[in-house]
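Residue strings, one per chain:
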Amino acid sequence: MTARRLGFFTRLVRTDPAEDAAGVYRQALDQIELAERLGYDTAWVAQHHLDPAEGGLPSPFVFLAHAAARFPRIRVGTAIVTLALEDPIRVAEDAAVLDELSGGRLELGFGAGGSRHAFELFEAADLDRQRLYADKLAKVTAALAGTPLIGDRGLNPPAPGLRDRLWQATFSVAGAARAARAGDGLLLSKAQPRDPAAPAATLWEIQQPLVDAYLDALPPGAKPRIGASRGVFVADDHAEARALAERGAARFLDQLGRNGGPEVADSVAEVLRDIYVGTPDEVVEQLAADVALRHATDFIVQVHPVDPGHAATLRSIELIATKVAPQLGWRPDERTSS
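A quick note: this is a predicted structure, and the numbers were derived from the prediction, not measured.

Calculation notes
- Residues numbered from 1 in each chain as written.
- Predicted model: local features only at pLDDT ≥ 70, side-chain atom pairs only at ≥ 80, totals over all residues.
- Heavy atoms only, no water.
- Helix = DSSP H or I, 4+ residues; strand = E, 2+ residues; numbered from the N terminus.
- Rg over C-alpha atoms; globule rule 2.2 N^0.38 Å.
- Buried < 20%, exposed > 50% of the residue type's maximum accessible area, 1.4 Å probe, protein only.
- Contact = heavy atoms within 4.5 Å.
- Areas by Shrake-Rupley, 256 points an atom, 1.4 Å probe, with all protein chains shown as cover.
- Lys, Arg positive; Asp, Glu negative; His and termini not counted.
- Charge placed at Lys NZ, Arg CZ, Asp CG, Glu CD.
- Core = buried A, V, L, I, M, F, W, Y, C linked by side-chain atoms within 4.5 Å.
- Axes fitted to C-alpha atoms, helices over the stretch in contact; angles between N-to-C directions.
- Parallel < 35°, antiparallel > 145°, perpendicular 65-115°, else oblique.
- Nonpolar A, V, L, I, M, F, W, Y, C, P; charged D, E, K, R; others polar.
- Phe/Tyr/Trp six-rings, centres within 6.5 Å; stacked < 30°, edge-to-face > 60°.
- Patch = residues over 30% accessible without salt bridge, like charges linked within 9 Å, V, L, I, M, F, W, Y side chains within 5 Å.
- Salt bridge = Lys/Arg side-chain N within 4 Å of Asp/Glu carboxyl O.
- Expected span 1.5 Å × (residues − 1).
- Arc of directions from axis to C-beta.
- Polar contact = N/O pair within 3.5 Å; in protein donor to acceptor, adjacent residues only side chain to side chain.

A. Quick peek at the overall build of the chain. In terms of helices and strands, the chain carries eleven helices and nine strands. Here the C-alpha atoms of the chain give a radius of gyration of 19 Å, agreeing with the 20 Å that 2.2 N^0.38 yields for 338 residues. Dimensions of the chain, computed from C-alpha atoms along their principal axes, come out at roughly 65 × 50 × 45 Å. Buried residues in the chain amount to 53% of all 338 residues. Taking the contacts inside the chain whose residues are at least 6 apart along the sequence as the reference set, 76% of them involve residues at least 24 apart. Total accessible area computed for the chain in this model is approximately 14800 Å², and 53% of it derives from carbon and sulfur atoms. Considering the chain, the positive charge centre built from 36 side chains and the negative charge centre built from 46 side chains are found 3 Å apart.

Quick look at the structure:
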């Protein structure tokens, strides 16, 4: 792995039915605080509507503004905003305000996907998601680039530099090439639909064609930005890691089918197929085999769908920064980490 930056990703999932949203948000902030202390470069959140088992954050800019105010160093990112369900100018305005408040620390990721329930909520279930996404992406990109919106009036506040920190998430080769042609970063998911003709393919075998298409389509002189999200759960003990992972996978499997999302699995083993679980040395060995990670500029870790609990997540964040990522070539920035 040659990633220059290490990211921590949370979906703010509620695993305890008795826990309220405030508790989930506090735990996520605790995790981001630890990640900042350990030198992680970026904290990413996802946007989800209605389905707390899938994710508990419909308003990522609000949450990230709070996080950026509390934690002055770590960069903050959206992975992703479901742009097809948003007003693109309002997204540009909210992103510009957040970027201004954070001192230019926003990484802005977009995607077309989302749960069936979310598209029904916004009365978009029967619309062409990809076309809707493309149209809105063009509008938000133009706004962030300073293109006049009405007469000679452009985005206020302006967002100098944010246009160069856009990312696109995709499951397709065509989508990867589109992101490259636009000069955007490519976000690779921790899980991806498999071709029925190749059900045993590894995640990196599925994603390598996306990486190749992205690199091939980059404009001359453009620097690649590839963020590879991976499900990673590290514990001090192998048996503990497996037990917590299997418990979380069983809970996730029980919840599947309720949210209409893209992830599908029929067994605990299938849920865990693309998740790296074990002791630090075991996870290092697993990650070293992930060919797609070798092209990543950003290595982004998340515990979902294992979601082993707050204490175990904190320990995993620590072990990744201190025991796993350094063996794979990452070093915290000595100027900013403590």
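Now that the structure is up, let's keep going.
B. Structural detail: the nonpolar core. Core analysis: the largest hydrophobic core is formed by 60 residues, its most contacted members being Tyr40, Phe63, Leu108, Phe110, Leu144, Val232 and Leu287. Apart from the residues lying within four places of it in its own chain, the contact partners of Leu144 are Ala92, Leu108, Leu155, Ala159, Leu162, Arg163 and Leu166.

C. Fine view of the packing of helix 2 (residues 60-70) against helix 3 (residues 88-101). Relative to each other, helix 2 and helix 3 sit at 5°, their axes nearing to 10 Å. It follows from the interaxial angle that helix 2 and helix 3 lie roughly parallel. Within the contact between the two elements, helix 2 uses Phe61, Leu64 and Ala65 and helix 3 uses Val91, Asp94, Ala95 and Leu98. A class-by-class count of the residues in the contact of helix 2 with helix 3 yields six nonpolar, no polar and one charged.

D. Representation of the packing of aromatic side chains within the structure. Tallied over the entire structure, the rule returns three aromatic pairs. Ring geometry for Tyr40 versus Trp330: centroids 6.5 Å apart, planes at 50°, classification tilted. Residue Tyr40 is located in the loop between helix 1 (21-37) and strand 2 (42-45), and its partner Trp330 is located in the segment after helix 11 (310-324); the two are separated by 290 residues in the primary sequence. Between Trp44 and Trp167 the ring centres are 5.8 Å apart and the planes differ by 90°, which places this aromatic pair in the edge-to-face class. Separated by 123 residues along the polypeptide, Trp44 in strand 2 and Trp167 in strand 5 (residues 166-169) bring together distant segments of the chain. Here the two residues Trp44 and Trp167 agree in accessibility, since each one is buried.

E. Local environment of a nonpolar patch on the surface. On the surface, a nonpolar cluster with roughly 290 Å² of combined accessible area is contributed by Leu50, Leu121 and Phe122. For Phe122, the position within the fold is in the loop between helix 4 (116-121) and helix 5 (129-144). Take Phe122: its relative accessible area is 37%, and that puts it in the partly exposed class.

F. Spatial organisation of the pattern of salt bridges. According to the stated counting rule, one finds 14 salt bridges in the structure shown. Across the pair Arg5 and Asp298 runs a salt bridge whose closest N-O atoms are separated by 2.7 Å. Of this pair, Arg5 sits in strand 1 (residues 5-10) while Asp298 sits in strand 9 (residues 298-302), and the two are 293 residues apart along the sequence. Pair check on accessibility: Arg5 and Asp298 agree, each one buried. Where Glu120 meets Arg116, a salt bridge forms, and the shortest distance between an N and an O atom there is 3.5 Å. Linking Glu120 with Arg116, this pair stays in helix 4, spanning four residues, or about one helical turn. Taken together, the shared-partner salt bridges connect Arg5, Arg75, Glu107 and Asp298 into one network.

G. Molecular detail of helix 11. The end-to-end C-alpha separation of helix 11 is 20 Å, in line with the 21 Å expected for 15 residues at 1.5 Å each. What helix 11 keeps buried is the set Ala312, Thr313, Ser316, Ile317, Leu319, Ile320, Ala321 and Val324.

H. Helix 3, seen in detail. Across its 14 residues, helix 3 extends 20 Å between first and last C-alpha, which sits within 8% of the 20 Å expected from 1.5 Å per residue. Listing the buried residues of helix 3 in full gives Pro88, Val91, Ala92, Ala95, Ala96, Leu98 and Asp99. Buried residues in helix 3, looked at end-on, bunch into an arc of 165°, giving them a common side. Facing away from the buried side of helix 3, by more than 90 degrees, are the exposed residues Glu100 and Leu101. In this structure, the buried side of helix 3 is in contact with helix 2, strand 4 (106-111) and helix 5. Measuring from the backbone nitrogen of Ile89 back to the side-chain oxygen at the start of helix 3 gives 2.9 Å, which picks out Asp87 as the cap.

In short, shape yes, function no, at least from these values alone.
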